[in-house]
Amino acid sequence: MIDLIKKLMLTPSVSGREEKIREVIKNEVLPYADEVYTDNMGNLIARKKGNGKKIMFCAHMDEIGFFVTGIGSNGNINVSPVGGINALSATFQDVISENGVCGILATNSSKELPKYEKLYIDIGAKTKKQAEKKVQIGDFFVCVPKFKKLLNQRYVGRPFDDRIGCAILCEAIKQVNSDNDLYFVFSVQEEVGSRGSKPATFAIAPDIGIALDVTATAEKDGDSSMDVKLGAGCTIKIKDPSVISSPELVKEMRKIAENEKIKYQNEILPFGGTDASVMQIAGKGARVSVISIPSSFIHTSCEMIDMGDVKEALKLTVALANKL
Amino acid sequence: MKELLNKLSLEFGPSGCEDRVREAIKEEIKDYIVGKESFVDPLGNYIIHIGGNGPKLMISAHMDEVGFMVKGITDEGLLKFGTVGGIDPICLGAKRVISESGVRGNIVMKPIHLLSPSERGQAPKIKNLSIDIGASTKKEAEELTFVGDYFTFDSDYVEYGEGFIKGKALDDRLGCAIMCQLIKDIYEGKIEPKYDTYFAFTTREEIGYSGAYGASMRIRPQYAIVIESKAVADIYGVDEDSEVARLGDGVIISFADRGAIYDHTFVKHIKAIADKNEIKNQTNRYISGGNDSMHIQKNAEGARVSTLSCASRYIHSQSDVIHEDDLFATYETVKEVLKNDRPN
Amino acid sequence: MKKIKEILNALLSSNTPTGFEFYGNDTIKSLAEGIFDEIKTDSVGNFLLVKKSSKQNAKKLLIDAHYDTVGLMVTGVFKGGFLSVTQLGGLDTSVLPSTEVTVLGKENVYGIITSTPPHLKKGESKSPKMDELYVDTGYSKEKLSELVSIGDPIIYRNKVDYINGDYVTSAYLDDKACLCALIYAASQMDKDKMEFDLYLTASAQEETGKSAVARLTFDLEPDLAVVTDVNFARTEKDDSFDCIEAGKGASFDISAVTDRKITKNIMKYLTSEGVGYQCSCEPSRTSTNADYVSISGNGIPTVLISVPLKSMHTPSETVNLNDIKSLSDVLVKISYNDKILN
């Protein structure tokens, strides 16, 4: 699974430009699904047919990054962030374009906390003309993908959000053995406001929707208002500002987790949102919740996860697919 | 004693309007003070001279509570009010209140949706709050209330958690309840006071110009024990140094507060008695607040004063909270002090 | 009025913090019994109650009131029996200190929202932030952990008072005052006079802004949706005309979202029938379910009617019973006349 995670992480695809990552995932799931298709918006959907409940699992393929918005006369590249970039972390980082052009994300003043509008990308070009040969308006850049092992089966890099969810679904589809009608959805454009999962949910009209995504951790992110620890198991989301998970579903998930001896934590995230919010109210609506993988330093270039949590999340996903 | 506290706490009695509390107390103890001198003084204090062999001791608790007074009625039928005693406006928004004659009302403020961005996040100010009694004109309101009418919190008595008590006016009906109990104990011979004992149920403590002035001038005690509740902050997130004291850790035998530095000998004496009788006790770990003892200490010839208090959370709100262990520890302590000779 | 009080008291005693509407299932079911032909629930927590007209092929009238209320949720259990909390729906933290609540844990647990005593305040006069407030339960952490878990909802302690005769005060009148009017109206509707089939929704998650009712309207495709909600009743002097008057009847909200023609038709019709009402303007959106219902499915003509409410989203929301009755009267009239659509 480590190889798979690495492969997914090293394939840059920002929101709205998920073509590359979609190809990788498609090849991964094709042998195991009864049906694999891409919808109008670009969501990749892998179905394992069954006569039971219609369950939709959803992880988003996109990642945060930058769109090129213009090129200055001095060859500096103006950019606009896609999704909630942590400007503090991104500044003076290596960036790479969708076409492999390298550069750095710079700002005129290195003394102050950077502001979005002051950020630009320097690819070493001396003139506008030179830059235009390499980069066009509308190209995307991302902070250079990374994947490194640290102590204690902890890994650091980017973008774990949400390639780790995608990896879990790719694995789960291989392992499930269920009567339920299962849809594994790899959604687009989550980072700009969960835009992709809406039509996907509408079309599938699931009974139950479960998103897989990362969540923050209390001790490392210094947020005492939540109770999630890195390495203490996957989490079952109860609430974030975008969604209140369906209480009955949460109860069932806990029960299954306890029966299967899966380590889980209760999650109330004080900020952010996931595809579950949209799955809950798209079309006729569905019962929803989220399995989250605790990740410290979300949306920075060094998101950190614990592989133990990932394993628990995978176990829970498979158990839910089989037993819900 | 808890039943009595329940009963007394529900009586209406903001400062200057303690009649109902006093009548309830009179009724409660009338069979236990037969043959003893008792009177109501000009300030409304209710004083009972129990007697006993020894120096004069005044035990006091105040009957009044914080509240609201109607200052004016608007054309829209709303009551503008001032507070009687110190009330933090943050504890007032959307609280229910009741007048002396039983008219119910709600404290209303501009809803958050209609506040300008600069107004948001600011704590409410008294002048921006009103009491709504369901009247839509001044005339209609005037049929229910008048300028100068009193209101108090409309809040009930609840025992919750492990030994906690919530109510209105627990400050200082708990002192009144303890004093009633002591009077009964003495009557029943459970206590033989080693002091010439006076009990004073005082008025107007919450506004500072207290009935205790007159009472102590009249009694001229050598020793005085004030039974009170004390504002503490033993809530999660407050550092230990600022907690003042903790609920459930027993009677607070104060060494000093903002109003008085207590008589060191008397305080040590009381502490020793409490320890000897294995009564849970603590002292305040932060200098704050003040009570009738500051007046009693300095009045007339002066007195050796001590304050024994129950720690109280959210004091002066609709949800005054104390712990029953502290209530009983305070009672036991005064009882044992009465039984023992005065300090050397 | 007795019947209205009964329905209202039943609704007010059901605990339905937003996202946890199912706690009130039994209440709705028992209230709906005998009045409706059909009772349905959906996956999002909405209730759909149907009462058919005797008329064949009657048009569909949807009337909505949301069933959820604002509340809090447990985010942590700490020593000394304190719970950290987050909000369910929008709350004004400046009314929370010293407020009494009930934690809906394994069993109901009484609690008080903390308030910092004056000696720790450094001259600031700010409202507390949510993360500075705790719920004091009086239990030890160990005992409390057995009773309460992270994610349990918390509601204001329910206390219903009547003020000056016709005013009722409770924490949950938004929007149960309207739901009460709806159920009462349905019970008064004569099937032979009804020109619409009535689809009444007690809807979920309005307070979170998700407006779950739009899930139902999607399939139903009603010919008219009447959304009912509470609106600010004037307390202090109001020069901005942001508020309506309590005691003066149901209020039509004229807005860019609502259907201008039908609203006008209804108001004209009510005037001719001698039924009173007031109106107010929401120039842009309405911040109610009407916003979402109007754009659900293929688009639905929507009318918004409000009941005046004082002290919104506080533990002392206040409504005049006559305004509930007034809304009910208006709704009954609407159900008797499908010509308002023309």
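Just so you know, the residues in each chain are numbered from 1, in the order the chain's sequence is written. Chain letters and ligand numbers both follow the written order, the letters beginning at A and the numbers at 1. In keeping with the model being predicted, local features are shown solely for residues with a pLDDT of at least 70 and side-chain atom pairs are shown and tallied solely at 80 or more, while totals for entire chains, interfaces and linings include all residues.

Draft legend 1. Local environment of the interface of chain C and chain A. Here, residue contact means that the backbone-derived C-beta atoms of the two residues sit within 7 Å. Residue-level contacts link 23 residues of chain C with 17 residues of chain A. A run of H or I in DSSP becomes a helix once it reaches four residues, and a run of E becomes a strand once it reaches two; helices and strands are each numbered from the N terminus. Elements supplying a minimum of two residues to the side of chain C that touches chain A: strand E4 (71-78), strand E5 (82-88) and helix H5 (213-220) of chain C. Its residues assigned to classes, the side of chain C that touches chain A comprises eight nonpolar, ten polar and five charged. Gly is placed with the polar residues, together with every amino acid not listed as nonpolar (Ala, Val, Leu, Ile, Met, Phe, Trp, Tyr, Cys and Pro) or charged (Asp, Glu, Lys and Arg).

Draft legend 2. Summary view of the domain arrangement of chain A. Entries for chain A in the domain assignment read domain 1 (2-63 + 159-323) and domain 2 (65-144). Along the lines of polarity and charge, the residues of the side of domain 1 of chain A that touches domain 2 of chain A split into three nonpolar, four polar and three charged. What fixes the domain bounds is an automatic or database domain assignment.

Draft legend 3. Quick peek at the sheet that holds strand E10 (residues 146-149) of chain A. Residues and elements named next belong to chain A. In this description, strands pair whenever DSSP reports at least two bridges between them. With antiparallel pairing, the three strands of this open sheet are ordered in space as E10-E11-E18. Bordering the open sheet on either side are E10 and strand E18 (303-306), each of which pairs with just one other strand. Going across the sheet, the axis of each strand differs from the next one's by a mean of 20°, ignoring polarity. One ladder, built from four bridges, connects strand E11 (residues 154-158) with E18; its direction is antiparallel. Structural elements are reduced to axes, namely lines fitted to C-alpha atoms, with helices fitted over the stretch in contact, and the angle between N-to-C directions of any two is expressed from 0 to 180 degrees.

Draft legend 4. The interface of chain B and chain C, seen in detail. Counting residues at the interface gives 51 residues for chain B and 48 residues for chain C. Elements with a minimum of two residues in the side of chain B that touches chain C: strand E7 (104-108), strand E8 (130-132), strand E10 (158-160) and strand E11 (164-167) of chain B. The dominant element in the side of chain B that touches chain C, judged by the number of residues it contributes, is E7(B), at four residues. Considered class by class, the residues forming the side of chain B that touches chain C number 25 nonpolar, 15 polar and eleven charged.

Draft legend 5. Representation of helix H4 (residues 170-187) of chain B. Given the number of residues in a helix, its expected span is that number minus one, multiplied by 1.5 Å. The end-to-end C-alpha separation of H4(B) is 25 Å, in line with the 26 Å expected for 18 residues at 1.5 Å each. Taken across its 18 residues, H4(B) has 15 buried, putting it largely inside the fold. Exposure is read from a count of other C-beta atoms within 10 Å of each residue's own; the residue is exposed at 12 or fewer, buried at 20 or more and partly exposed in between. C-beta atoms are placed from the backbone.

Draft legend 6. Quick peek at the arrangement of the chains. Of all two pairs of chains that touch, the greatest number of contacts is found between chains B and C. A minimum C-alpha distance of 11 Å separates chain A and chain B, which share no contact.

Draft legend 7. Structural detail: the domain arrangement of chain B. All names here are of chain B. One can read the domain layout of chain B as domain 1 (2-65 + 168-339) and domain 2 (67-153). Of note, the centres of domain 1 and domain 2, computed from C-alpha atoms alone, are 31 Å apart. Tallied by class, the residues present in the side of domain 1 that touches domain 2 amount to four nonpolar, four polar and three charged.

Draft legend 8. Main features of the packing of helix H4 (residues 173-188) of chain C against helix H8 (residues 321-335) of chain C. Residue and element names in this part refer to chain C. Contact geometry of H4 with H8 gives a least axis separation of 8 Å together with a crossing angle of 45°. Here H8 runs oblique to H4, going by the angle between their axes. Crossing hand, H4 versus H8: right-handed. On H8, the residues touching Ala 177, Cys 178, Cys 180, Ala 181, Leu 182, Tyr 184, Ala 185 and Gln 188 of H4 are Ile 324, Leu 327, Ser 328, Leu 331 and Val 332. Of the residues that constitute the contact of H4 with H8, the class distribution is eleven nonpolar, two polar and no charged. Reported orientations rely on four angle classes, namely roughly parallel under 35 degrees, roughly antiparallel over 145, roughly perpendicular from 65 to 115, and oblique for the rest. Left-handed is the label given to a crossing in which the near helix is rotated counterclockwise from the far helix by less than a right angle, and right-handed is the label when the rotation is clockwise.

Draft legend 9. Inspection of the sheet that holds strand E8 (residues 134-136) of chain C at higher detail. Residues and elements named next belong to chain C. Pairing within the closed barrel is antiparallel, and its six strands lie in the order E4-E5-E8-E7-E6-E9. Direction aside, neighbouring strands of the sheet carry axes that sit 45° apart on average. In this sheet, strand E9 (residues 153-156) lies alongside strand E6 (residues 100-104) in antiparallel orientation, the contact comprising three bridges. Looking across to E9, one finds that Val 103 is bridged to Ile 154.

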